[in-house]
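Fold and geometry: a report
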Amino acid sequence: MDFLHYRDLAKTETVFTISEEWGQGRSIFGGLTAALVIVHIESNVELTGRDLRTVNIHFCGATIADVDCEFRHRVISEGKSVVQIEGQLLQNGEVKTEIIACYTRQRTSSINIDLPIMVFPVAQKDAVKLPFAKGRLPDFVQYFDLRYTHNNRPFTGSNDSLIAGWMRLDKPSEVLNDATILALIDTWPPAILPMLSAPAPTSTITWNVEFMQPRAELDVEDMLYYECSAIEAGQGYAHTEGKIYHPNGQLLALNRQMVGVYDKVI
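Residues numbered from 1 in each chain as written. Predicted model: local features only at pLDDT ≥ 70, side-chain atom pairs only at ≥ 80, totals over all residues. Heavy atoms only, no water.

**Quick word on the pairing of strand 6 (residues 82-91)**
Within strand 6, eight of the ten residues are buried, which leaves the element mostly enclosed by the surrounding structure. Connecting strand 5 (residues 69-78) to the antiparallel partner strand 6 that follows it, the hairpin turn spans three residues. Between the end of strand 6 and the start of strand 7 (residues 94-104), which pair antiparallel, lie two residues, with Asn92 showing a positive phi angle near 50 degrees. (Buried < 20%, exposed > 50% of the residue type's maximum accessible area, 1.4 Å probe, protein only. Helix = DSSP H or I, 4+ residues; strand = E, 2+ residues; numbered from the N terminus. Pairing = 2+ DSSP bridges.)

**What to know about the packing of aromatic side chains**
Evaluated as defined, the whole model comprises 16 aromatic pairs. Ring plane angle 90 degrees and centroid distance 5.8 Å describe the contact between Trp22 and Phe144, whose orientation is recorded as edge-to-face. Here Trp22 is found in the loop between strand 1 (15-16) and strand 2 (23-24), whereas its partner Phe144 is found in strand 8 (residues 144-148), with 122 residues between them in sequence. On the basis of relative accessible area, Trp22 is assigned to the buried category, the value being 0%. For Phe144, a relative accessible area of 2% gives the class buried. Taken together, Tyr6, Phe16, Trp22, Phe29, Phe71, Phe140, Tyr143 and Phe144 form an aromatic cluster joined through their ring pairs. (Phe/Tyr/Trp six-rings, centres within 6.5 Å; stacked < 30°, edge-to-face > 60°.)

**As for helix 2 (residues 30-44)**
For helix 2, which comprises 15 residues, the first-to-last C-alpha distance of 21 Å matches the rise-based estimate of 21 Å (1.5 Å per residue) to within 8%. With twelve of 15 residues buried, helix 2 lies mostly within the body of the structure. Regarding helix 2, the residues found buried are Gly30, Gly31, Leu32, Thr33, Ala34, Ala35, Leu36, Val37, Ile38, Val39, His40 and Ile41. (Expected span 1.5 Å × (residues − 1).)

**Some words on the pattern of salt bridges**
Between side chains of opposite charge, pairing is possible as soon as their charged atoms come close. Taken as a whole and assessed by the stated rule, the structure comprises 16 salt bridges. Residue Asp139 is joined to Lys134 by a salt bridge in which the shortest nitrogen-to-oxygen separation is 3.2 Å. Overall, Asp139 belongs to the buried group, its relative accessible area being 19%. In this structure Lys134 comes out as exposed when scored by relative accessible area, which is 62%. Its salt-bridge partner being Asp178, residue Arg215 comes within 2.9 Å of it at the nearest N-O pair. Residue Arg215 is located in the loop between strand 10 (202-211) and strand 11 (224-234), and its partner Asp178 is located in helix 3 (residues 178-185); the two are separated by 37 residues in the primary sequence. Overall, the relative accessible area of 13% leaves Asp178 in the buried class. Several salt bridges converge on common partners, so that one network encompasses Arg7, Asp8, Lys11 and Glu174. (Salt bridge = Lys/Arg side-chain N within 4 Å of Asp/Glu carboxyl O.)

**Description of the nonpolar core**
Ile18, Trp22, Leu32, Ile38, Phe144, Met167 and Leu182 are the most contacted members of the largest nonpolar core, which has 60 residues in total. Ranked by residue count, the leading element in this core is helix 2, at eight residues. In this structure Ile18 touches Tyr6, Ile28, Leu32, Leu36, Ala65, Asp66 and Cys69, once residues within four positions along its chain are discounted. In terms of nonpolar packing, the next biggest core, distinct from the first, is built from eleven residues, Ala127, Met223, Leu251 and Leu254 among them. (Core = buried A, V, L, I, M, F, W, Y, C linked by side-chain atoms within 4.5 Å. Contact = heavy atoms within 4.5 Å.)

**Observations concerning the side chain of Arg50**
By the element assignment, Arg50 lies in the loop between helix 2 and strand 4 (51-59). Here Arg50 falls in the buried class, since its relative accessible area comes to 13%. Apart from the residues within four sequence positions on either side, Arg50 is in contact with Glu78, Gly79, Lys80, Ser81, Val82, Val83, Tyr103, Thr104 and Arg105.

**Brief notes about the packing of helix 1 (residues 3-12) against helix 2**
Where helix 1 contacts helix 2, the axes come no closer than 8 Å and their chain directions differ by 35 degrees. For helix 1 against helix 2, the interelement crossing comes out right-handed. Along its contact with helix 1, which presents Phe3, Tyr6, Arg7, Ala10 and Lys11, the element helix 2 presents Leu32, Ala35, Leu36, Val39, His40 and Ser43. The residue makeup of the contact of helix 1 with helix 2, split by class, is seven nonpolar, two polar and two charged. (Axes fitted to C-alpha atoms, helices over the stretch in contact; angles between N-to-C directions. Left-handed = near helix turned anticlockwise from the far one by under 90°. Nonpolar A, V, L, I, M, F, W, Y, C, P; charged D, E, K, R; others polar.)

**Some remarks on a nonpolar patch on the surface**
Side chains of Ile111, Ile113 and Leu115 sit close together on the surface and give an oily, nonpolar patch of about 350 Å² of accessible area. Summarising the element assignment, Ile111 is placed in the loop between strand 7 and strand 8. (Patch = residues over 30% accessible without salt bridge, like charges linked within 9 Å, V, L, I, M, F, W, Y side chains within 5 Å. Areas by Shrake-Rupley, 256 points an atom, 1.4 Å probe, with all protein chains shown as cover.)

**Comments concerning the sheet that holds strand 8**
Strand order in the open sheet formed by eleven strands is 1-5-6-7-4-10-13-12-11-9-8, with antiparallel pairing between adjacent strands. The open sheet has two edge strands, strand 1 and strand 8, and neither has a second partner. Pairing analysis gives five bridges linking strand 4 to strand 10, with the strands arranged antiparallel. Along strand 10, the bridge assignment pairs Asn56 with Asn208. On top of the sheet, helix 2 reaches strand 1, strand 4, strand 5, strand 6, strand 7 and strand 10; it is set at about 55 degrees to strand 7, its chief contact. Against the sheet, helix 3 engages strand 4, strand 8, strand 9 (163-169), strand 10, strand 11, strand 12 (237-245) and strand 13 (251-261), with an angle of about 145 degrees to strand 10.

Shown next, in the form of structure tokens:
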């Protein structure tokens, strides 16, 4: 079942299971669970005229395949301009994915900062699609079109943590929205992995995405550009910071994660 299948389920159902095809280690792919919580929120709260600005995500435990996922939400605060909403995915009564999402209404301000347009190092057409190899990559990767533009790959012992490339759904059929963009961002491995010289477990613990609004329109076939680097690491944790761009070079989102790194046996 592809991403849009589960996206559509989350619009109408509050309890359903997710197939092991969306597995990532012992857990379901976190980009999917976070996106589904956002879809649940937006399908159950009146948000006309408001844009998603920030999403703060805590992965509180592993979401297990083929076990009922229950979705809940509550409005924490609502003002004229800003609404803050809590959303959760639970299994067996325990919170697995916790989200605080902030939606805002556009206002007039004297402060306007124009961001520079990104000049991409490699064009979409020149970037090679990452081939899916079952058993060598997480199963969920088969549903995405990822194209590296930087030679850093996980577990190569690089001195450089940068991960960069183009991304979209493997079979795009509609214009990307915020929930789908959220899932796409998390398809890339943590930016600390190229610096490891051998495979080792890692786990995203907290994740923050800030969306730039408004943004230029996207077409169905468009790919987004992603780049992310580790900015600090130590004592078994790493902090990464990334940016996501529209194909016209416009900044679309900022991405930050705290990642647990388990490369040393205690």
